[in-house]
Amino acid sequence: MRSIKDYADIVGEETIEEIEKLGSYLNGKIIQNINSTPVGGGVAEILSGMVPLLKEVGVDARWDFIKGGEKFFEITKKIHNSLHGVEENISESDFGHFLDVTDENLKEINLLGDIIFIHDPQPIGLIKVKDRKGFNKKKFIWRCHIDLSSANTDTFNFLKKFIEKYDYSVFSSPLFAKKLKIPQILISPSIDPLSDKNKDLPAETINEVLERFRIDPERNIITQISRFDRLKDPLGVIDVYRLVKKYVDCQLILAGGAAADDPEATEVYNEVIEKAGEDKDIFVLNLPPVSNIEINALQRASTVILQKSIKEGFGLTVSEGLWKSKPVIASAVGGIPLQITHKYSGLLSRTIEGTALYAKQILQNPEYAKQLGENGHNHVKHSFLITRHLRDYILLFLKTGFREDTVYL
Ligand code: UDP
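Just so it is clear, the structure is predicted and the values come from calculations on it, not from any experiment.

1. Some thoughts on helix α4 (residues 70-83)
An α-helical turn contains 3.6 residues, so any two residues separated by three or four positions project in the same direction. An ideal rise of 1.5 Å per residue puts 20 Å on 14 residues; α4 measures up with 20 Å between its terminal C-alpha atoms. All buried positions along α4 are accounted for by Phe72, Phe73, Ile75, Thr76, Lys77, Ile79, Asn81, Ser82 and Leu83. Against the buried residues of α4 lie α5 (92-108) and α6 (153-163). Directly after α4, the chain includes glycine 85, whose backbone phi takes a positive value near 95°.

2. So, the pairing of strand β11 (residues 328-331)
Side chains Val328 and Ala330 project from β11 onto one buried face, and the interleaved Ile329 and Ser331 project onto a second face that is buried too. Bridge count between strand β10 (residues 304-307) and β11: three bridges; the pairing is parallel. Considered in β11, the bridge of glutamine 307 is made with alanine 330. Read from β10 through helix α11 (residues 316-323) to β11, the crossover connection turns out right-handed. As paired elements, β11 and strand β12 (residues 347-349) share three bridges and run parallel to each other. In the sheet register, serine 331 faces β12, and the bridge partner there is serine 349.

3. Describing the sheet that holds strand β6 (residues 184-186)
Overall, parallel pairing links the six strands, which are arranged β2-β1-β3-β4-β5-β6 in an open sheet. Looking along the sheet, the strands with just one partner apiece sit at the ends: β2 (60-65) and β6. Put simply, the sheet's adjacent strands are angled 25° from each other on average, direction ignored. Relative to strand β3 (residues 115-119), strand β1 (residues 30-35) is paired through four bridges, and the arrangement is parallel. The residue of β3 that forms the bridge with asparagine 33 is phenylalanine 117.

Cut-off values and rules
Residues numbered from 1 in each chain as written. Predicted model: local features only at pLDDT ≥ 70, side-chain atom pairs only at ≥ 80, totals over all residues. Heavy atoms only, no water. Helix = DSSP H or I, 4+ residues; strand = E, 2+ residues; numbered from the N terminus. Expected span 1.5 Å × (residues − 1). Buried < 20%, exposed > 50% of the residue type's maximum accessible area, 1.4 Å probe, protein only. Contact = heavy atoms within 4.5 Å. Pairing = 2+ DSSP bridges. Right-handed = clockwise from strand over helix to strand, strands pointing away. Axes fitted to C-alpha atoms, helices over the stretch in contact; angles between N-to-C directions.

Put into structure tokens, the structure is as follows:
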């Protein structure tokens, strides 16, 4: 088990002392996080690191999930896509089913937090409980991890009725926010530098993982780690690889798994397998739900990391790659430009051809690759580590009413 004190080596003693002090102001308060899946995807990734650290600094943090069947998660996936601006057909009956499942969850879930901290749209309807007796003293916060800037109007309006009942909303970037009647707080996501996903690994572990998947450590490796999701464009990544391979020898790793709340993954995985065909240099790895050491090793073994998303919330995988001082080429969408300054801390691209061109440049110029990776590492160190996020969340919780005087968010 790691302790908050272990982060002092990375961010300094003073930062840790400040977090501990701020956390002590929340002593005994219950912060109840609720999302839709314990593993898979960025929200679960963040909560699994954040909840133990909050507890350690004196905050009684809890983490619960809502339940839903396949139909519910098919609908919430459509809602997710349509909030990202993708055209989806969501019927009245779909919205009706969403509300029915919300009501079923309301019967089962014990909303005992002083602050109920709801993550993303799937559990958003739990706010209905606010009108019930005994709930008016609780504070409700909705944390949106999605870029809502091109959200479908009907879908957004459906959610807006719920959002505006919350006391606060939290967005990752001003660019993602919407006009709302409630206060909006801006807090960007983070990665945990000491987690199995991001900690330093001995060379033997990296080699052992490569050997297990029969990947050649002596040749260039291009990698994208992502759930098998169309918005992550895994098929486009194969196109990129094929263009690069005309000029520079390389292998391609497409590694990801499914999230419990993402029913499309198997279909997309099959499309990827079909497109990869007989190419022995493409490694399509369907990883089990918790594969942190494997992902860490694959990222560390890579010569180039791609994140060719068509739409993206924040894109934690970008920070994960940069933290490992890797050159990352990623689409200029969602939260990715917050993490990459073009040609300084990585490369931003918009097309398959552009991505391939940059990948080729990086493979042919290791010095340039190294410089981008180092700058990227420093940027993540200053802006996207869990300690900054922890402090922001504690300040947010204090701001909801426990200690207004201490708050400077
Ligand atoms: N991830 C994982 N296993 C997988 C695929 C992804 O653990 O098979 C992790 C990945 O390393 C990152 C998170 O899940 O920490 C994905 O977050 P991101 O913001 O990149 O995308 P999201 O899946 O939330 O859209």
